[in-house]
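A look at the structure
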Amino acid sequence: IFYHLSSKTYYIMAGGRIKYKAMLSGFFSGTASCMAKYGLDPSSPLPSWVLQRCLDAHAAQAQEDLNDGSMDYTCIAISLLPRGMFLLIMLGLNLLMVASFMQGMNESGTVVATALGTGTNFSMSAVYGVLLFNEKLNTVWLFGFSLILLGVSMLASVTVKTVKTN
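Note that the structure is predicted; figures quoted are calculated from it, not measured. (Residues numbered from 1 in each chain as written. Predicted model: local features only at pLDDT ≥ 70, side-chain atom pairs only at ≥ 80, totals over all residues. Heavy atoms only, no water.)

1. Section: the overall build of the chain
What the chain contains, in helices and strands, is 6 helices and 3 strands. Listing each helix as α and each strand as β along the chain from the N terminus yields β-β-α-α-α-α-α-α-β. Per-residue burial for the chain yields a buried fraction of 28% across its 166 residues. The contacts in the chain between residues at least 6 apart in sequence include a share of 81% that link residues at least 24 apart. (Helix = DSSP H or I, 4+ residues; strand = E, 2+ residues; numbered from the N terminus. Buried < 20%, exposed > 50% of the residue type's maximum accessible area, 1.4 Å probe, protein only. Contact = heavy atoms within 4.5 Å.)

In structure tokens:
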């Protein structure tokens, strides 16, 4: 129970249903950043794989190009297609993120929605970093991450009720 002096209002923290829409916006945001990394990173696996397969398929033509000084940019252009696909997916996920964040603010208020979205985004970035990009996490980082998860779980399951007094 919190009491706000100037407005003479009691705020009661009570259990409620989980506010998933703000957390969903964090999921979309974290996933969008992962797609951006895949689309913009020069060492991204799918565009590199596509480029290598194309170069392998056109090896004879590439040798001729080296001999006469010309260059065929077909393989480079083809390797840009997966990058564009990742960037379009990122844009779509960002649109979903904004829509779900707006619904999350209606569901739980701006402060709670922002905290839930940010905490979930950070969590998803960590999961993607470990699973997809082989990032290593130290003990201090894991401790801080566990505190963020604790805070997100507390915010996600708490409802604030306002009781005005005269």
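2. Observations regarding unusual backbone geometry
A positive phi angle, close to 55°, is found at Asn-134, a residue other than glycine. Mapped onto the elements of the fold, Asn-134 is located in the loop between α5 (110-133) and α6 (139-156).

3. Overview of the environment of Asp-56
Note that Asp-56 resides in helix α2 (residues 45-57). Note on Asp-56: relative accessible area 45%, which makes it partly exposed. Asp-56 sits 19 residues away from Cys-75 along the chain, and the two C-alpha atoms are 9.8 Å apart.

4. Some remarks on the packing of aromatic side chains
Under the counting rule described, the total for this entry stands at 6 aromatic pairs. Centre to centre, the rings of Phe-27 and Phe-28 are 5.8 Å apart; their planes meet at 55°, and the pair counts as tilted. Residue Phe-28 is classed as buried on the basis of its relative accessible area of 14%. Between Tyr-38 and Phe-86, the aromatic rings sit 5.3 Å apart at their centres with planes inclined by 25°, giving stacked as the arrangement. Here Phe-86 lies in helix α4 (residues 74-108) and Tyr-38 lies in helix α1 (residues 20-40), a separation of 48 residues in the sequence. Each member of the pair, Tyr-38 together with Phe-86, is buried. Ring pairing ties together the aromatic residues Tyr-38, Phe-86 and Phe-133, which thus form one cluster. Taking NZ or CZ as reference, Lys-37 lies 4.9 Å from the ring centre of Phe-133, over its face. (Phe/Tyr/Trp six-rings, centres within 6.5 Å; stacked < 30°, edge-to-face > 60°. Lys NZ or Arg CZ within 6 Å of the ring centre and 35° of its normal.)

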